[in-house]
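Residue strings, one per chain:
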There are 2 protein chains.
Amino acid sequence: MPNAFVPGQGNLSPEAEAMVERRARVLGPAYRLMYETPLHIVRGEGVFLYDADGRAYLDAYNNVASLGHCHPSVVEAIRDQVGILATNTRYIHDLILDYAERLTATFPDALSQVMFACTGSEANDLAMRIARAFTGGTGIVVTDNAYHGITESVAAFSPSLGPAVDLGPHVRTVPAPELYRGGGADLAARFTADVEAAIADLRRHGIRPAALIVDTLFSSDGVLPDPKGFLAGAVEAIRSAGGVFVADEVQPGFGRTGEAMWGFARHALVPDLVTLGKPMGNGHPVSAVVMRPEVCDEFGRKARYFNTFGGNAVSCAAAMAVLRTIERDGLMENAERVGRHLLEGIRALADHHPCLGDVRGAGLFVGAEFVADRESRIPDRHRASRVVNRMRELGVLISVTGRSHNVLKIRPPLIFTEANADRFNAVMAQALDETR
Amino acid sequence: MPNAFVPGQGNLSPEAEAMVERRARVLGPAYRLMYETPLHIVRGEGVFLYDADGRAYLDAYNNVASLGHCHPSVVEAIRDQVGILATNTRYIHDLILDYAERLTATFPDALSQVMFACTGSEANDLAMRIARAFTGGTGIVVTDNAYHGITESVAAFSPSLGPAVDLGPHVRTVPAPELYRGGGADLAARFTADVEAAIADLRRHGIRPAALIVDTLFSSDGVLPDPKGFLAGAVEAIRSAGGVFVADEVQPGFGRTGEAMWGFARHALVPDLVTLGKPMGNGHPVSAVVMRPEVCDEFGRKARYFNTFGGNAVSCAAAMAVLRTIERDGLMENAERVGRHLLEGIRALADHHPCLGDVRGAGLFVGAEFVADRESRIPDRHRASRVVNRMRELGVLISVTGRSHNVLKIRPPLIFTEANADRFNAVMAQALDETR
């Protein structure tokens, strides 16, 4: 994992050291902590997380608490509903219908049905079950450092989990559409050709294509928003091959890109299925698949769907509060405005720091790519890690992403202000000055 | 699905009819409602659910709200924590450690590690990923009407989802261990032989066995608790073949069987992995895999695990409140005492109703099997359905289970009182009298 704590290293207090030992004993070896010196977090409020010593950290990383930690409207909605009812979809209930209608109203008309789950992994797992039933195929095309989740089915098309997690025999990867690394004016054509080649290879092996699935901001591939519209040809290719296009909006969705509620809008297309997760309940476990009704017809008639907690009344109340808050407080517009300010600030830093080879973003999701030098563009993961860990020492939280772990992953809550962005930039400037 | 509403039938109010239409439009065809005439539920409290007309229903079915709907201790824990912090396992946090230690303390010493997810499906999915990494095998043995969840991987070993959901080529089913249907004194030997034959068949196809997984109360196979200890031989068989035994405690766990916190205790054995779900947070989405540390060693070192919402602070607070309440209020003992009273009452009904071929149970989980007559023992799903729907009309909620949908599934909250059980029995007696 990028930016993972290495046990035995770091500068931990005796108390934190003891907790790390308890973790290893009772949670086992599969869990990872972030940063060279992990954080012991006890409280969150707005754009800040607080550690056990009461120190505040400006959170420019966690997109789950997308409205800010413990947003009052979401907290109130959960507190109210949890005392009234939290039961399941086998009874008729108002909230799931009210929310489902309000949610689908934020999508293009064709995407009018929604099914609920609890995690982004479950949403992607379900989307693939539906895609397979609809297309009769099994083949899946993803980018080469994609992350879509951790169920067995989804881990098999999440190459970013690393070589210890096998890709499925029905999975093909294509190079991430990196404008900075050779895409140039031909990026769309190249990406389309790569997807077509992957489809041809599936067919050559007797595997019928089911889906192309991408995070529409390519978060784990290094944050790749540009140029607008480059996805259209690849989507056309998978559809021509009898497959569907699944937009994974777990990262870019719910207004983060600033210009639209959903990341796929940037590419001026309408997906067949859309998966939602992390920010949907601002921390409450809720996720969904939104789709064209005809896609689910076959699956729905034959294979019933029931997710015990998915779409329960408390989840729907939390999710409704999130959607209302985004709309009421103009948070999409805020993401656009403050995101532009943040991006400009980081680009200004790049003017003085040639180690920053490329700075790109959409709304409140910025990627800043470290290179050894601007001619070779060789990825510099070491410097990226130094900056992330120095910023953490200075009280600002981000992490890294991309195949080479050399891209800063800057993803603050949608309530970020220009003052927050200025503070971020000041700390980043200091970290750049103090690291090498 | 057993006991599913058939659209266009039932005796719905115009309001409920309109909501059913909204469901079909916005949630699509995969969702199912329960009962001939579905319930429009608006509120839950203790052992009661309330419909839109204010009518109370005695809930003898929902094991998610295992402490009763909206239990004050759980509601309070969630209300407190949701205003403090709800972030993830990549930071050090006290609650996950406190809960993990308290939870594993309820297991035999060997089962000392726990990993968190959000749903029982995710827990079973993760358990199988771990089992495969540990054993190097892929083969899975399950009972022939087992239900373990809905991810693609888990649905492939959940035959109760029906013929539209394919079993995996690496999955073998064995007949459910039905004492009532021919098991007799040889049940343990027969079940062991069936599992051995399934393992041999996997091997004959070049598939290395990974796991035997069973719900230790065989809920979807018709509630099969007896005779105690019958699982030991089958567990020995899978271990001899290099596989592991996974106890799915999503149904029987957290004290429901009355005699122990975990259903596997009834069989005097220690599983390699145990999966937990539904009642773990009394409605809050949280689940877990508990295991022997050596089982996870390989998986944990190579394939990191991160579940965004799994083990977050609110989930742990809810789960801690559940565990504390079970222990503080003696709910396991209550399940044992009231469960025995309930079972005796239903057995007394069977004395006058030969349609009840067998009544069995453990703690507050009772199965009552309808047959055409006691000689042929031919399953009578029609009568079971009539009784379930008549009881719903009379204000008591249960459903049916088993391969033939002929077994009443009676699974009240652990706070059920003897008075609740008497009311249940009175209503069941009336439903038996009034149906045929």
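Criteria and cut-off values
- Residues numbered from 1 in each chain as written.
- Chains lettered and ligands numbered in written order.
- Predicted model: local features only at pLDDT ≥ 70, side-chain atom pairs only at ≥ 80, totals over all residues.
- Heavy atoms only, no water.
- Helix = DSSP H or I, 4+ residues; strand = E, 2+ residues; numbered from the N terminus.
- Contact = heavy atoms within 4.5 Å.
- Polar contact = N/O pair within 3.5 Å; in protein donor to acceptor, adjacent residues only side chain to side chain.
- Least-squares fit on C-alpha atoms with pLDDT ≥ 70 in both.
- Buried < 20%, exposed > 50% of the residue type's maximum accessible area, 1.4 Å probe, protein only.
- Pairing = 2+ DSSP bridges.
- Right-handed = clockwise from strand over helix to strand, strands pointing away.
- Salt bridge = Lys/Arg side-chain N within 4 Å of Asp/Glu carboxyl O.
- Domains from an automatic or database assignment.
- Buried area = accessible area lost by both parts, 1.4 Å probe.
- Axes fitted to C-alpha atoms, helices over the stretch in contact; angles between N-to-C directions.
- Parallel < 35°, antiparallel > 145°, perpendicular 65-115°, else oblique.
- Left-handed = near helix turned anticlockwise from the far one by under 90°.
- Nonpolar A, V, L, I, M, F, W, Y, C, P; charged D, E, K, R; others polar.
- Core = buried A, V, L, I, M, F, W, Y, C linked by side-chain atoms within 4.5 Å.
- Phe/Tyr/Trp six-rings, centres within 6.5 Å; stacked < 30°, edge-to-face > 60°.
- Lys NZ or Arg CZ within 6 Å of the ring centre and 35° of its normal.

1. What about the environment of A:R172?
All names here are of chain A.
And step 1. Structurally, R172 can be placed in strand β6 (residues 171–174).
And step 2. Residues R172 and P159, spaced 13 residues apart in sequence, show a C-alpha to C-alpha distance of 10.0 Å.
And step 3. What R172 contacts, discounting residues up to four positions off in sequence, is I140, V141, V142, A198, D201, L202, H205 and I207.
And step 4. Side-chain polar atoms of R172 contact the side chain of D201, separated by 2.6 Å.

2. A few points about the relation of the copies chain A and chain B
Mapping between the two copies of the chain is achieved by a rotation about an axis and a shift along the axis.
And step 1. Note on the copies: chain A fits chain B at an RMSD of 0.0 Å, the axial shift is 0.0 Å, and the rotation between them is 180 degrees. Considering both components of the superposition, the chain copies are consistent with a two-fold axis. Of every C-alpha in chain A, the one belonging to A:R79 sits nearest the axis of rotation, 2.6 Å from it.
And step 2. Taken as a fraction of all interface residues of chain A, those also at the interface in chain B reach 100%, which identifies the copy contact as same-surface.

3. A word on unusual backbone geometry
And step 1. A cis geometry characterises the amide bond from A:D226 onward to A:P227, with omega recorded as -5 degrees.
And step 2. Along the chain, the position of A:P227 falls in the loop between β7 (209–215) and α8 (232–240).
And step 3. A positive phi is found at B:A268, a non-glycine position, where the angle reads about 50 degrees.

4. Let's talk about the pairing of strand β7 (residues 209–215) of chain B
Residue and element names in this part refer to chain B.
And step 1. The buried fraction of β7 is high, at seven of seven residues.
And step 2. As paired strands, strand β5 (residues 139–143) and β7 are joined by three bridges and run parallel to one another. Counted as the bridge partner of G139 is P209 from β7.
And step 3. Where β7 and strand β8 (residues 244–248) come together, five bridges link them in parallel fashion. Looking at β8, one finds that L212 is bridged to F245.
And step 4. Remark: the β7/helix α8 (residues 232–240)/β8 crossover connection has right-handed handedness.

5. Some words on the pattern of salt bridges
Pairs can form between side chains of opposite charge whenever their charged atoms are close.
And step 1. Applying the stated criterion across every chain yields a total of 56 salt bridges over all chains.
And step 2. With a closest N to O distance of 2.6 Å, A:R172 and A:D201 form a salt bridge. Of this pair, A:R172 sits in strand β6 while A:D201 sits in helix α7 (residues 187–204), and the two are 29 residues apart along the sequence.
And step 3. Classification of A:R172 as buried rests on a relative accessible area of 14%.
And step 4. The class of A:D201 is partly exposed, set by a relative accessible area of 30%.
And step 5. Between B:R390 and B:E393 there is a salt bridge, with the nearest N and O atoms lying 2.6 Å from each other. With B:R390 and B:E393 both in helix α12 (residues 381–393) and three residues apart, this pair spans about one turn of that helix.
And step 6. When salt bridges that share partners are traced, they join A:D144, A:E178, A:R181, A:D358, A:R360, A:E369 and A:R403 into one network.

6. Re the sheet that holds strand β3 (residues 56–59) of chain A
Residues and elements named next belong to chain A.
And step 1. Spatially, β1-β2-β3-β13 is the arrangement adopted by the four strands of the open sheet, whose pairing is mixed. Edge positions in the sheet fall to β1 (41–45) and β13 (396–397), since each has one partner strand and no second.
And step 2. Here β3 pairs with β13 via two bridges, running parallel. Bridging from a neighbouring strand, D59 pairs with L397 of β13.

7. So, the domain arrangement of chain A
Residues and elements named next belong to chain A.
And step 1. Looking at the assigned domains, one finds that chain A contains domain 1 (39–70 + 330–434) and domain 2 (72–328).
And step 2. Of note, the centres of domain 1 and domain 2, computed from C-alpha atoms alone, are 25 Å apart.
And step 3. Contact residues are listed per partner, giving 36 residues for domain 1 and 36 residues for domain 2.
And step 4. Together, the buried faces of domain 1 and domain 2 total about 2900 Å²; carbon and sulfur atoms form 54% of this surface.
And step 5. The interface formed by domain 1 and domain 2 contains three salt bridges.
And step 6. R403 is the partner of D144 in a salt bridge, and the nearest nitrogen-oxygen pair spans 4.0 Å.
And step 7. For the side of domain 1 that touches domain 2, the secondary structure elements donating two or more residues are α11 (331–352), β11 (356–362) and β12 (365–370).

8. Considerations on the packing of helix α12 (residues 381–393) of chain A against helix α13 (residues 418–434) of chain A
All names here are of chain A.
And step 1. Between α12 and α13, whose axes approach to 9 Å, the crossing angle comes to 125 degrees. On the basis of their axis angle, the class for α12 and α13 is oblique. For α12 against α13, the interelement crossing comes out right-handed. Residue-level inspection shows R383, V387, R390 and M391 of α12 in contact with α13, the latter providing F424, V427, M428, Q430, A431, L432 and E434.
And step 2. Taken together, the residues of the contact of α12 with α13 break down into seven nonpolar, one polar and three charged.

9. With respect to the interface of chain A and chain B
And step 1. Facing 94 residues of chain A, the contacting portion of chain B comprises 94 residues.
And step 2. Summing both partners gives a buried area of about 8700 Å² for chain A against chain B, and 59% of it is carried by carbon and sulfur.
And step 3. Contact with chain B buries area across many residues of chain A, yet A:Y91, A:I92 and A:R304 alone supply 11% of it, more than any other trio.
And step 4. Note that B:E101 is salt-bridged to A:R22, the shortest N-O span being 2.8 Å.
And step 5. For the side of chain A that touches chain B, the secondary structure elements donating two or more residues are α1 (14–27), β1, α2 (72–82), α3 (94–104), β4 (113–117), α4 (120–135), α5 (152–155) and α9 (293–302) of chain A.
And step 6. Counting residues per element, the side of chain A that touches chain B draws most heavily on α1(A), at nine residues.
And step 7. Class assignment for the residues of the side of chain A that touches chain B results in 50 nonpolar, 23 polar and 21 charged.

10. As for the nonpolar core
And step 1. Formed by 302 residues in total, the largest nonpolar core has its most connected members in A:L103, A:L408, A:F424, B:L103, B:L408 and B:F424.
And step 2. The leading source of residues in this core is helix α10 (residues 313–328) of chain B, at eleven residues.
And step 3. Sequence-distant contacts of A:L408, defined by excluding residues within four places in its chain, comprise A:V366, A:G367, A:A368, A:F370, A:A384, A:V387, A:V388, A:I398, A:S399, A:V400 and A:M428.
And step 4. If you look at the next biggest cluster of nonpolar residues, it comprises six residues, including A:C118, B:V64, B:C118 and B:F309.

11. Points about the packing of aromatic side chains
And step 1. Going through the model one piece at a time under the given rule, you end up with 18 aromatic pairs over all chains.
And step 2. Ring centres 6.0 Å apart and planes at 45 degrees place the aromatic pair A:Y99 and A:F116 in the tilted group. Here A:F116 lies in strand β4 and A:Y99 lies in helix α3, a separation of 17 residues in the sequence. Side by side, A:Y99 and A:F116 carry an identical accessibility label, which is buried.
And step 3. An angle of 25 degrees between the planes, with centres 6.1 Å apart, marks the rings of B:F107 and B:F264 as stacked. Here B:F264 lies in the loop between β8 and β9 (273–276) and B:F107 lies in the loop between α3 (94–104) and β4 (113–117), a separation of 157 residues in the sequence.
And step 4. Given the relative accessible area of 5%, B:F107 is considered buried.
And step 5. Residue class for B:F264 comes out buried when judged on its relative accessible area of 3%.
And step 6. Here the aromatic cluster, defined as three or more aromatic residues joined through ring pairs, consists of A:F107, A:F254, A:W262 and A:F264.
And step 7. Here A:R43 stacks its cationic end above the ring of A:Y50, 4.1 Å away from the centre of that ring.

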